[in-house]
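Topology and contacts: notes
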Amino acid sequence: MRRLGIAAWSLLGTLLLLWAFAWIMGRIWIMVPSVVLAAAIIYVLNPVVHWLQERGMARWMGSCLSYLALLAVFTLIGFLIFPSLADQGRQLADDFPQIYDDLVADLEGFAADLGFAGLDLPDYSELQRRIEEDGGDFVNDRLREITDLTLGVLEAIALFLLAPVIAFYVLLDLPTLRVKTMELIPDRYRDETAHVARQLGTAVGGFLRGQVFVAIIVGIMTSIGFGLIGLPFWLLIGMIAGFLNIIPFVGPWVGGILGVSVAVATTDLQTAIWAGVVALSVQQIDNHFISPTVLRATVRIHPAMILLGLVGGAAIFGFWGVVLAVPTMAVVKILSGHFWRTRVLGQSWEEASEAVMEENVTAETFITRRLRRTLDDDAEAPESPD
């Protein structure tokens, strides 16, 4: 009962802290994108900087070299990909009226085959005429959209300029910041806090690094697959699928829908079927081979819970809520599991961490751990009088 009471008060305190955190985040939400991107840069580059520091290089020099290497990679990718992306973007803009009319005709024909012959969608010229007839309301709406877009572009520029600067200074002083932070924790909780912080760093860092790597692989596979079947705008659609794969489950599905739609509107049904096969194959390869291998250090969360988290994050915080949904769920699972097992069930830190993290280890590793623990218990047991 005492442990149950402690757990109840701990849960109440946690809920109050979460409410206070949400209230503060609502006031400083404009800073969140910069902080998130800075954290992602830190998690990606810190292992490299730490590896260089262990080999005798000064931390500031390792940080500078890692930044230069990252900049060189993005520059190389830009030179290799941007010209083709620009050409496909211009081609899409030129061909969009015809693609729209073809897609409308295909949709009306498909609806007629299903018995909905009354479906009448406006073609591109009629759509333009309706927009022009909208008059002043249309102009005012477009002006508001242009204003919002301009503000969004300025915020994005500030994000991409501010985040790398924040990440660089934090990366330089990260060991010192860790020490100073731990000194703020009372002595009796310091070891436990460090233990939980390592778990959180492993889970969140592994997810961020792994998800970026998975997104790159998905983008490359989708682009190559669409290119092999001769799909128009294959690189543009593949890059969109890769970028959106930062959000779990989204990238291959969006890429598949775009690929099938473009194939139906520009080529033939066979290409559309092949586009669906490519997207489905990439999705299966990602789910069964790439993500389990790359994201092995993260906390496993049931797919149904991930979908609910994505929907809830989108409803509350929009795009960034979707991006942060899975890492937030991982943090909540680690913290709640640790406090429940250590405060209520009375388990040790090692037992609590294994209960949270061992879902991701292989069966061989699990059996090895259990066998080692059994042998240790037998070795510590008192010998029989016989």
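**Focus on the nonpolar core**
Grouped together as the largest cluster of nonpolar side chains are 15 residues, with contacts concentrated most on F226, L231, F233, I237 and V262. Only helix 7 (187-228), helix 9 (250-266) and helix 10 (269-294) provide two or more residues apiece to this core. The element contributing the most residues to this core is helix 10, with five residues. Sequence-distant contacts of F233, defined by excluding residues within four places in its chain, comprise Q88, Q91, L92, D95, I99 and V262.

**Things to note about the packing of helix 7 against helix 12 (residues 319-344)**
Relative to each other, helix 7 and helix 12 sit at 150°, their axes nearing to 10 Å. By the angle class used here, helix 7 and helix 12 are roughly antiparallel. The crossing of helix 7 and helix 12 is right-handed. Taking contact as the criterion, the partners of Y189, E192, H195, V196, Q199, L200, A203, V204 and F207 in helix 7 are, on helix 12, V326, P327, V331, I334, L335, H338, T342 and R343.

**Regarding the pattern of salt bridges**
Under the counting rule described, the total for this entry stands at three salt bridges. With its nearest N and O atoms 2.3 Å apart, the salt bridge here joins R90 to D87. Remark: D87 and R90 occur in helix 3 (residues 59-113); sequence separation between them is three residues, near one turn of the helix. Two residues, D187 and R190, come together in a salt bridge whose shortest N-O distance is 2.9 Å. Of the two residues, D187 and R190 both sit in helix 7, three residues apart, roughly one turn of that helix.

Reading guide: rules and limits
Residues numbered from 1 in each chain as written. Predicted model: local features only at pLDDT ≥ 70, side-chain atom pairs only at ≥ 80, totals over all residues. Heavy atoms only, no water. Core = buried A, V, L, I, M, F, W, Y, C linked by side-chain atoms within 4.5 Å. Buried < 20%, exposed > 50% of the residue type's maximum accessible area, 1.4 Å probe, protein only. Helix = DSSP H or I, 4+ residues; strand = E, 2+ residues; numbered from the N terminus. Contact = heavy atoms within 4.5 Å. Axes fitted to C-alpha atoms, helices over the stretch in contact; angles between N-to-C directions. Parallel < 35°, antiparallel > 145°, perpendicular 65-115°, else oblique. Left-handed = near helix turned anticlockwise from the far one by under 90°. Salt bridge = Lys/Arg side-chain N within 4 Å of Asp/Glu carboxyl O.

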